[in-house]
Amino acid sequence: MANDLKNLLPLGGNWLVEVIEEDPEHLETYLHNGDAQLNEDGHGFKLPDVIGILPIRNAVAYPGTITPLAIGRQRSKALLADTTPNESIIGLLTQRNPDTDKPNFDKLYSVGTAASILKVIKLPQGSMHVVVHGISRFKVIKKVATKPYLKAKIKPLNVKVRMTKNLQALIVGVRHAANRVIELSPNVPEEASVLLENIENPSALADFLAANLSIDIPTKQQLLEELDATKRLKQISVILANQLEVLELSNKIQGRVRESIDKNQREYYLQEQLKAIQTELGQKDLRTDELKQINKKITKAKMPKKVEQEALRELERLSKIPPASPEYSVIRTYLDWVCELPWSIQTSDQIDINKAQRILNIDHFGLRKVKKRVLEFLAVRKLNPTGKSPILCFVGPPGVGKTSLGKSIARAMGRKFVRISLGGIRDEADIRGHRRTYIGALPGRILQELRKCGSKNPVFMLDELDKIGSDFRGDPASALLEVLDTEQNFSFTDHYLDQPFNLSTVMFIGTANYTEPVPPALRDRMEVIELPGYTENEKLNIAKKYLVPRQIKEHGLTKNRCTIKEDAILAIIQGYTREAGVRNLERNIAAICRSVATKIAKAQKRRATIGKKDLLKILGPAQFESELALRTGIPGVATALAYTPFGGELLFIESASMPGDGKLQLTGQIGDVMKESAQAAFSIVKANAKKLNIDADQFKKFDYHIHVPAGAIPKDGPSAGAAIFTSLVSLLLGKPIRPDVAMTGEITLRGLVLPIGGLKEKILAAQQAGIKTVILPARNKKDLPEVPKEAKKNMQFKFAKNTNDALKFALGTD
């Protein structure tokens, strides 16, 4: 049987099986009987009283084990020089401190293993390897010599073995645990289980396991010094249980990991097989073909040199990453974006200024100032093709055609048109994009829209600039500072792209209803062009030329089937809409078209002509009518002009008095600025009571109440100061203000009338309400030529430098 047995060599805690041919009979005897019989039967060795000592470090030799040792120290070489393989016996003692280079007996453990030398191998560098076979335990009794090598007088130690049922059960348990450890250990060969089953002696079994378990040196030395085989097996049983628990947990974790990667490994293996098959069939490798196509796209895009270098670097990374890797899709998406951006693609501008002017006139009625600015840009571009594009901002009420004007500009210039709405956005990443480290990252809206339009010089409209928000995610308005700065946007860097993109050829146009919410730094980067509300005549022309034909077409009608008379359109403008733009006008025209389409679809009519008398049936009663005559027939009622984001409005200032002690009450949901204007007007009246022929005692006997109707609508601003002052004076003098007079202007405590804004919108509102005379601040006289002649038709304008002038024009008295 000995020829089939294999001994285990402990190397670094791993199980290494090797067939040992030397002295097989001795080995078989040890496996059956252990080291207790080695000195008593014919197969054993007689231990000498004095033997040479070989210090070993980081290892403990046990009886019955084969141990390879590397010899490098001079004393160890001297010992081996005095020995003969297969004949000499040496003692193996473990060092207490492995770092000691020349250990003496006090640095060594006193209990060790006597061993025979099986083989000595000399290496060219002067070092030696020796293989020793453990025979029996011994204990050092006396030190004999330290030179040229250590010698000691020893005493053999016999192990204690008493076979009981408990010991047999312990052996079975230890064997079972050891076999389980062998199964779970990947580096242990199956032969180890065979050898384990052939060890019958309990002491030999304990030594075999102690030599090959991964435990620390002090514990191994303790097991060597323990002579009771039962106690040794109990200790080893505990060690095996701990290692088995760790191995089972590790195996469980590895099983989970293996399950998760098996699918990827299978896919990778199949992909590699597919490549090999395609190569054998002479077909193209799909991935190689894909990488070549991306390379062609990079070259075709004609991007800047630095960007191209970065794209090629990412392409090289892509070629080294397996397709199953998450990073693969991230890089591939990035390269797609880089290749599809219009780095060098742009449209040619139409420099025919007369043609551009015709297009603008066809698309829009009026808007002379805006058209003039666009034609100026085209003229400059004709003389200087490499000039920077302007950054315009159209400011005006809703429905005046800001967005449609941008489309007309693009058509007139022969450029593509792009529009994004900025209303409500709160995240800076909407402008600059997300960094690639985030899952699902994308470039910002600027680059997304440029990619869609396929041109690097479109007309780019940033709609609703005044409705941008901000929160903890950043301020989009601040991110637009770089986009809308001609000195910086040639190198706009999106967070996702992380490379500069030239936006200097893009013509940016912003839109806003009013400029107050737009940050000053952003407003400073744009050329603001105001689009005031339309006059009645302008609305009539817009309806006839654009709105009516468009709605007739959208409702499936024709000019022959549906005709809307001019008096009907004027009636809609005057009685059914009250706006600066034309959106509600178009909605009412659409309602008429729907009514006609319904009748034609029911075969009730073949065609219809809509006049003023038909509006009551289709649209219902008129929603707006003038209440001016009713409101201004009594003292204390003045008409003020106000400006809102939706155009001009009339405000009626009503003053009343009641017995009291001179207090002033303000109502009508008015803001702080308007309240201060009312306080200032009241102070001026009290301060100038004598000059105004007002009895000063009235301020002690009466309280005064100023109310601005439409209390559900917030109102604010200083321009109603003149009207509030006139209303109070009218009340106190008992003189009514002329019914056809409206006024606007801020006042000071010195009685000066200061200039105001929104002049055109206020004059339009006065005209629609039937006002004949408008009192304006004298410093606004210079702005009057900007107001269209149609808006000033049949109206008189009086210019007041101070409150006395306002009273003279409003009350007809000095």
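Residues numbered from 1 in each chain as written. Predicted model: local features only at pLDDT ≥ 70, side-chain atom pairs only at ≥ 80, totals over all residues. Heavy atoms only, no water.

Participant: Even after reading the chapter, I still don't get the side chain of Arg137, so can you show me in this structure?
Facilitator: Relative to the helices and strands, Arg137 resides in strand β7 (residues 128–145). You can call Arg137 buried: its relative accessible area is 0%. A distance of 2.7 Å separates a polar side-chain atom of Arg137 from the backbone oxygen of Leu224. (Helix = DSSP H or I, 4+ residues; strand = E, 2+ residues; numbered from the N terminus. Buried < 20%, exposed > 50% of the residue type's maximum accessible area, 1.4 Å probe, protein only. Polar contact = N/O pair within 3.5 Å; in protein donor to acceptor, adjacent residues only side chain to side chain.)

Participant: Would you take a moment to explain the pairing of strand β6 (residues 111–122) for this structure?
Facilitator: For a regular strand, side chains alternate in direction, first toward one face of the sheet and then toward the other. Pairing between strand β5 (residues 89–94) and β6: four bridges, direction antiparallel. Looking across to β6, one finds that Ile89 is bridged to Ser116. Bridging between β6 and β7 involves 11 bridges; their strand directions are antiparallel. In the strand pairing of β7, Ser116 is matched with His133. Count of turn residues in the β6/β7 antiparallel hairpin: five residues, of which Gly126 carries a positive phi of about 100°. (Pairing = 2+ DSSP bridges.)

Participant: Honestly, the sheet that holds strand β15 (residues 527–530) in this entry has me stumped. Any pointers?
Facilitator: Hydrogen bonds between backbone atoms are what pair the strands of a sheet, whose relative direction is either parallel or antiparallel. Taken together, the five strands give an open sheet; going across it, the order is β10-β11-β14-β9-β15, and neighbouring strands pair in parallel fashion. A single partner strand is all that each edge strand has here, and the edge strands are β10 (417–421) and β15. Going from strand to strand, the sheet's axes swing by 20° on average, the running direction of each strand aside. Two strands pair when backbone bridges link them, and strand β11 (residues 459–463) and strand β14 (residues 507–512) are joined in this way by four bridges, in the parallel orientation. In the sheet register, Phe460 faces β14, and the bridge partner there is Phe508. Seen against the sheet, helix α12 (residues 368–383) touches β9 (392–395), β14 and β15 and runs at an angle of roughly 145° to β15. (Axes fitted to C-alpha atoms, helices over the stretch in contact; angles between N-to-C directions. Contact = heavy atoms within 4.5 Å.)

Participant: Where do I start with the state of the cysteines in this structure?
Facilitator: Disulfide: a covalent bond connecting the sulfur atoms of a pair of cysteines. Using the criterion set out here, one finds zero disulfides in the structure. Here Cys562 stays unpaired: no disulfide links it, and the sulfur of Cys593, its closest cysteine neighbor, is 4.7 Å away. (Disulfide = S-S within 2.5 Å.)

Participant: I would appreciate a short explanation of the pattern of salt bridges in the present structure.
Facilitator: Pairing between side chains becomes possible if they bear opposite charge and their charged atoms approach one another. The full count for this structure, using the stated rule, is 27 salt bridges. For Arg738, the salt bridge goes to Asp740, with nearest N and O atoms at 3.7 Å. The partly exposed category is assigned to Arg738, whose relative accessible area is 33%. Residue classification places Asp740 among the partly exposed positions, given a relative accessible area of 23%. Through salt bridges with shared partners, one network takes in Glu310, Arg313, Glu314, Arg317, Glu327 and Arg436. (Salt bridge = Lys/Arg side-chain N within 4 Å of Asp/Glu carboxyl O.)

Participant: When you look at the packing of aromatic side chains in this model, what are you seeing that I'm missing?
Facilitator: What characterises a pair of aromatic rings is the spacing of the ring centres plus the angle enclosed by the ring planes. Enumeration over the complete set of coordinates arrives at six aromatic pairs. Here Trp343 and Phe501 contribute two aromatic rings whose centre-to-centre distance is 4.9 Å and whose plane-to-plane angle is 50°, an arrangement assigned as tilted. Taken together, the residues Trp343 in the loop between α10 (326–340) and α11 (353–363) and Phe501 in strand β13 (residues 500–501) connect sequence positions 158 residues apart. As far as the burial class goes, Trp343 and Phe501 line up, both buried. Between Phe682 and Tyr704, the aromatic rings sit 5.7 Å apart at their centres with planes inclined by 55°, giving tilted as the arrangement. Taken together, the positions of Phe682 in helix α23 (residues 672–687) and Tyr704 in strand β21 (residues 702–707) put the pair 22 residues apart, joining distant regions of the chain. Taken together, the ring pairs in this structure connect Phe682, Phe699 and Tyr704 into an aromatic cluster. A cation sits over an aromatic face here: Arg436 above Tyr334, 3.8 Å from the ring centre. (Phe/Tyr/Trp six-rings, centres within 6.5 Å; stacked < 30°, edge-to-face > 60°. Lys NZ or Arg CZ within 6 Å of the ring centre and 35° of its normal.)

Participant: It is not clear to me how the confidence of the model for the protein chain should be interpreted in this structure. Could you clarify?
Facilitator: Residues at a pLDDT of 70 or more form 92% of the protein chain, whose mean pLDDT is 83. Confidence drops under pLDDT 50 across residues 1–34; counting only partners more than four residues distant or on other chains, this segment forms 87 contacts. In the model, residues 36–44 has pLDDT below 50 throughout and makes 15 contacts with residues more than four positions away in sequence or in other chains. (pLDDT = per-residue confidence, 0-100.)

Participant: Explain the environment of Gln350 here, please?
Facilitator: Mapping Gln350 onto the fold places it in the loop between α10 and α11. Look at Gln350 and you get partly exposed, because its relative accessible area is 29%. Along the backbone, Gln350 and Arg415 are 65 residues apart, and their C-alpha atoms lie at a distance of 8.3 Å. With near-sequence residues (within four places) excluded, Gln350 lies in contact with Lys355, Leu378, Arg411, Ala412, Met413 and Gly414.

Participant: Even after reading the chapter, I still don't get the environment of Leu184, so can you show me in this structure?
Facilitator: Following the sequence through the fold, Leu184 ends up in helix α3 (residues 165–184). Overall, Leu184 belongs to the buried group, its relative accessible area being 14%. Sequence-wise, Leu184 and Leu247 are 63 residues apart; in three dimensions their C-alpha atoms are separated by 6.4 Å. Look past the residues within four positions of Leu184 in its chain and what remains in contact with it is Leu244, Leu247, Glu248 and Asn251.

Participant: Before we go on, may I ask you to explain the environment of Gly620 in this structure?
Facilitator: You can see Gly620 is positioned in the loop between α21 (615–619) and α22 (628–631). Gly620 sits 44 residues away from Tyr576 along the chain, and the two C-alpha atoms are 9.3 Å apart.

Participant: Is there a simple way to think about α11 in this case?
Facilitator: Three- or four-residue spacings in an α-helix give side chains the same orientation, since the helix completes a turn every 3.6 residues. All buried positions along α11 are accounted for by Ala356, Ile359 and Leu360. An end-on view of α11 places all buried positions within 95° of arc, on one side of the element. The exposed set on the far side of α11, more than 90 degrees from its buried face, consists of Asn354 and Ile362. Its buried side turned inward, α11 meets α12 and α13 (402–413). Capping of α11 at its N-terminal end is provided by Asp352; its side-chain oxygen lies 3.3 Å from the backbone amide nitrogen of Asn354. (Arc of directions from axis to C-beta.)

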